[in-house]
Every structure is written in C-alpha cells, then in structure tokens.
Amino acid sequence: MNRHTLQRFARFGTQASLALAVAAALMHPLRAEAGAFQLPTDNAAGWARANAGGSLFANDPTAVFNNPAAMAFFTGPVLQVTGTGIRPSSQFEGSFRDEQGNPTTGSNPNGFGKFVPFPNMAFAAPVSDRLTLGGSLTVPFGLASNYNPSWQGRYFGSKTSLESIAVSFSAGFKVNDQLSFGAGILGQRTKAQLNTMLDPYGSAAALFGAPILGAPQSGDVQLNVTVKKSFAFGYFLGGEFKPTQQDSIGLSYHSRVNQTLGGHYALYGSDAGKQLIALAPTVFPNANLPVLNPDGAAASANLNTPAFASIDWLHVFSDRLSVAATMKWTQWSNFQSLVLTSNGQTLVDLPQKYSNSMMYAVGGDYKLNDQWTLRAGIGYDETPTNIISRDPRIPDGSRRLVGFGFGYQATDHMTIDLGYQHQFVGDTSVNQTNQVGLGAGTMVGKFNDHGDVVSLSGTYRF
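Enquirer: Please explain the overall build of the protein chain as it appears in this structure.
Expert: Within the protein chain one finds 5 helices and 18 strands. Radius of gyration (C-alpha) of the protein chain: 25 Å, near the 23 Å computed for a compact globule of 462 residues. Projected onto the principal axes, the alpha-carbon positions of the protein chain cover approximately 80 × 45 × 35 Å. Residues classed as buried in the protein chain amount to 54% of the 462 residues present. Contacts spanning at least 24 positions in sequence make up 74% of the contacts within the protein chain whose residues lie at least 6 apart. Carbon and sulfur atoms form 58% of the exposed surface of the protein chain, whose accessible area is close to 19400 Å². On the protein chain, the mean spot of the 30 positive side-chain charges and the mean spot of the 29 negative ones are 6 Å from each other.

Structure follows, in structure tokens:
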C-alpha cells in the first residue's frame, strides 16, 4: 500500500469520525410516522422528485444505503444530514358496534394529524480511483398512530408505534467508466408498542350467546405490549450501468431482515374485567383464549421487515435539465399476520394478509443558474393492505404522490435542499368483526386519508 493510498484512508477515517459524531447526536429523537410503515430512505431532493431516480443523480449521498454502486462515481467525499417531517391524516367515517350491536361509546378523533420528525444521514468518500466507502443512518420503517383509550374504535387499537433504525456500511466498486457494483450490510434496531382495549363482557356475551355476566363495554381492560430487538442484520446489493454519456440505469436489492422482538405486556383497567379475563380460559377451555396474567408477563413477536428491489433510470438532457424514473417492488406477501406471544402461548393473532406492492415515479431537476435548482415529480405507490385486515392501526390506501422543491448552492462546498410532497389517498374501506378474545365487536366504514411530507437537507462536499 503506497503513501498516497495511506493518506486517503487517513482522511477517510477523520471524515468518518465526524459523520459518526453527527449520527450519535441524531440517535435520540428518532421517531417515525407514516400511513404504511415502510419509509423512503430519501433526502429532500428525493422527496421533491416524488422519490424518482433513486440515488443516480450525481454525488447523491443516499446511494450509501439505496444503491452503493452509485458511490463508485463520486468525485469526492460528501456528508449529508436530512431532517424529514411526515404528517399523515386519517379520519374514520362509519360505525363501531359492540357484540350486542350497540354503538361503541366515545369520540372519533384523528389518530394521526401531527408532523413527526425523523433523520437520515450519510457519508461517503472515495479511497481510490475505483473504490468508495460509506456509512449511513436511516429509518426504513416507522409508524405511530395514537388514539385516546376511550375513543369509539378502541377495541381495534388505541396506540401503535414502530420504529426501525438502520446503521449501514457499504462499498462501491467501479469496473470502468460505464459499470459499477456495490454491496453493504446493515444492522437494524426495532422497537414497537401495541395497545388495544379488551372488552371482557363482550367476549363473555359472544361465548355464552347472551350478556349474562354484564353488558359489553362495562369493564374495559387495556392490553399494552412493548417489545424491541437490539440488532438484526441484513444486506443490500446494487449495480449501475451507463449505456451512454447521458443515461444511467440502476438496480438495487435490500434483503428481508428477520427479527424476534422481546419485551412484556401489562393490563390496566377494571379489576372485575381483569378477573374475568383470568378466569375465561378455565370456564371456556375450548375457546382457545390466552391465559393472561393480570400483573403482566413477558411477551414476544416476530416482525420481519420485507425485502425490496428497485430499478432506476436517469437521463441528462442538458446541463440544465435531468429527468428520472423509478419502479420499486416490495415483498409484503411475507407479512401475513402479526402474532404476539407470551410463554409459548398466543396472546393476540392479528391477520394482515398483505400483498406485494409496486411504486412508480417520474421526476427531475431544472437548473436555473449556478445557485438555484428546481425539482418536481409525480408517483403512484400501491398499498399492500386490504379490506380484510385494514384497521385504525394502519388505515392505509394506495397513494398518488406530487412533489416539488428547490436546491440552493450556498458555497462551493455547501448545498441546502428543501422538498415537499403531498400524498393523495382518499377513502379506504374497512369491514371487520373483532376476535372473540378482543370483544367480538364490529367496524364498518372508511378512513379518509392523506399525507404531507416536508424535508430539509444539508450537504457538505469536502
């Protein structure tokens, strides 16, 4: 290894230390919220383009996680920090009824409706003419819905939160001026909370065939489950091909991440209701009811985040105009149920029945002058959910995306980007009868959904 190469590695180590210090500062406030719980790992420019083009635009640091092959064409070290706020909105219209057909009491709030911030950060540096190394901090999956415990749909969910934080390291290798390949590994830390209200007297009425012990809704008990996984690991691969001087084509694949989350559950509420829950498995031995400890106990869940793959295209028409397109596939078909267990028995089995989904987007940049760049894009993102399993926790529908924004070259080294995206969703229908163990109530109606995203990125090129 010659002196020149050693100096490159030394500079890379110093710059990487700075990047990791920024990452450490950002780790604490992480929290994500979205209608569906997969999040684009994009910067402000990407959100403005409706997530079109992946990381094919020149020196785009999101390539560290999205497609490490694109890093191989970087012209120098680069550090980027992005803050993004997502505000989904979902208002229910319809009826919730208990096991006896009576309307469920309570209010009907919007369980979303607030901007919730989350960061993305990436650093990459060429260490030779062919090899570039990088690291990133991303939030590939996140969700938070929060209804008050007395709302009408409490037996179908009151609070659900999920956040997955991924730390990745990757490398891009340039074969020649037209072709590159990349690969990376990631460690993903996930924690989740699922709160739902139980209706013990509704369950008893369903099992007895009549409200013999008491009226439904008269002895609510809240079940709170909190689980987490320190780290689970996955990998990702990428390739980029430049068939002409104006065109780039990128392919990327991110593996499924298998993770078993561990934690505990707790019960809160009516003492009479908790006693009924404790006795129910003995009174109804053939009903497959879980044995719940009124004082709480250990809990676990398997939550495997799906594999996904993208194909991206970028065409540079001129020094001013570039247009890109993306097609992305996500393997949601593996997410068929969410099962919470305790000491070998099933606490709650929530069917999901997700289907594989596709996302399509077209967007681009127009450079007004040496300082200002305008961006815009449109897209369509299919929902993996369906009417059978859709509920207040994830009242998701297919989204039509419209984005726009701008970039400002503040100095020779520093760029500021701002992006906005609106997600048109519309009405998503729901029609469910709850499990007997959760009260056997019904939900019929629709959620009126939409979402807004605001993103700000700062990029420093060394």
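Enquirer: Would you mind showing me how to read the environment of Thr-132 here?
Expert: Relative to the helices and strands, Thr-132 is located in strand β3 (residues 131-146). Put simply, Thr-132 and Ala-183 are 51 residues apart on the chain and 11 Å apart in space, counted from C-alpha to C-alpha. Aside from chain neighbours lying at most four places away, what touches Thr-132 is Met-71, Ala-72, Ala-124, Ala-125, Pro-126, Val-127, Ser-170, Ala-171 and Gly-172. In this structure the side chain of Thr-132 is engaged in a polar contact, spanning 3.1 Å, whose partner is the backbone oxygen of Met-71.

Enquirer: Looking at this structure, how should I read the packing of aromatic side chains?
Expert: To describe a pair of aromatic rings, one takes the distance between the centres and the angle between the planes. A full pass over the atoms with the stated rule returns 21 aromatic pairs. An angle of 75° between the planes, with centres 5.3 Å apart, marks the rings of Phe-96 and Trp-151 as edge-to-face. One end of the pair, Phe-96, is in strand β1 (residues 78-97); the other, Trp-151, is in the loop between β3 and β4 (159-174), and 55 residues separate them in sequence. In terms of burial, Phe-96 and Trp-151 fall into one category: buried. Their ring planes at 40° and their centres at 6.0 Å tell us that Phe-96 and Phe-156 sit as a pair that is tilted. Of this pair, Phe-96 sits in strand β1 while Phe-156 sits in the loop between β3 and β4; the two residues are 60 residues apart in sequence, bridging distant segments of the chain. Aromatic ring contacts, followed pair by pair, group Phe-92, Phe-96, Tyr-147, Trp-151, Phe-156 and Phe-447 into a single cluster. Lying across the ring of Phe-73, Lys-242 places its NZ or CZ 4.6 Å from the centre.

Enquirer: Before we go on, may I ask you to explain the pattern of salt bridges in this structure?
Expert: Pairs can form between side chains of opposite charge once their charged atoms are near each other. Enumeration over the complete set of coordinates arrives at 13 salt bridges. In this structure, Lys-446 and Glu-93 form a salt bridge, with 3.9 Å as the shortest nitrogen-oxygen distance. Note that Lys-446 is positioned in strand β18 (residues 442-461) and Glu-93 in strand β1, a separation of 353 residues in sequence. On the basis of relative accessible area, Lys-446 is assigned to the partly exposed category, the value being 28%. Within this structure, Arg-49, Asp-365, Arg-375 and Asp-417 form a network of salt bridges that share partners.

Enquirer: What's the story with helix α4 (residues 200-208) in this structure? I'm lost.
Expert: Every buried residue of α4 is accounted for by Pro-200, Tyr-201, Gly-202, Ser-203, Ala-204 and Ala-205. Looking at the buried side of α4, the elements it contacts are β5 (179-198), β6 (221-241) and α5 (271-283). Backbone geometry just downstream of α4 places Gly-209 in the positive-phi region, at approximately 90°.

Enquirer: Is there a simple way to explain the side chain of Thr-41 in this structure?
Expert: Secondary-structure assignment places Thr-41 in the loop between α1 (3-26) and α2 (44-48). What makes Thr-41 buried here is its relative accessible area of 12%. A distance of 2.5 Å separates the side chain of Thr-41 from the side chain of Asn-66, its partner in a polar contact. What Thr-41 contacts, discounting residues up to four positions off in sequence, is Thr-62, Phe-65, Asn-66, Asn-120, Thr-138, Val-139 and Pro-140.

Scoring rules and cut-offs
- Residues numbered from 1 in each chain as written.
- Predicted model: local features only at pLDDT ≥ 70, side-chain atom pairs only at ≥ 80, totals over all residues.
- Heavy atoms only, no water.
- Helix = DSSP H or I, 4+ residues; strand = E, 2+ residues; numbered from the N terminus.
- Rg over C-alpha atoms; globule rule 2.2 N^0.38 Å.
- Buried < 20%, exposed > 50% of the residue type's maximum accessible area, 1.4 Å probe, protein only.
- Contact = heavy atoms within 4.5 Å.
- Areas by Shrake-Rupley, 256 points an atom, 1.4 Å probe, with all protein chains shown as cover.
- Lys, Arg positive; Asp, Glu negative; His and termini not counted.
- Charge placed at Lys NZ, Arg CZ, Asp CG, Glu CD.
- Polar contact = N/O pair within 3.5 Å; in protein donor to acceptor, adjacent residues only side chain to side chain.
- Phe/Tyr/Trp six-rings, centres within 6.5 Å; stacked < 30°, edge-to-face > 60°.
- Lys NZ or Arg CZ within 6 Å of the ring centre and 35° of its normal.
- Salt bridge = Lys/Arg side-chain N within 4 Å of Asp/Glu carboxyl O.

The values are spatial; any link to function lies outside them.
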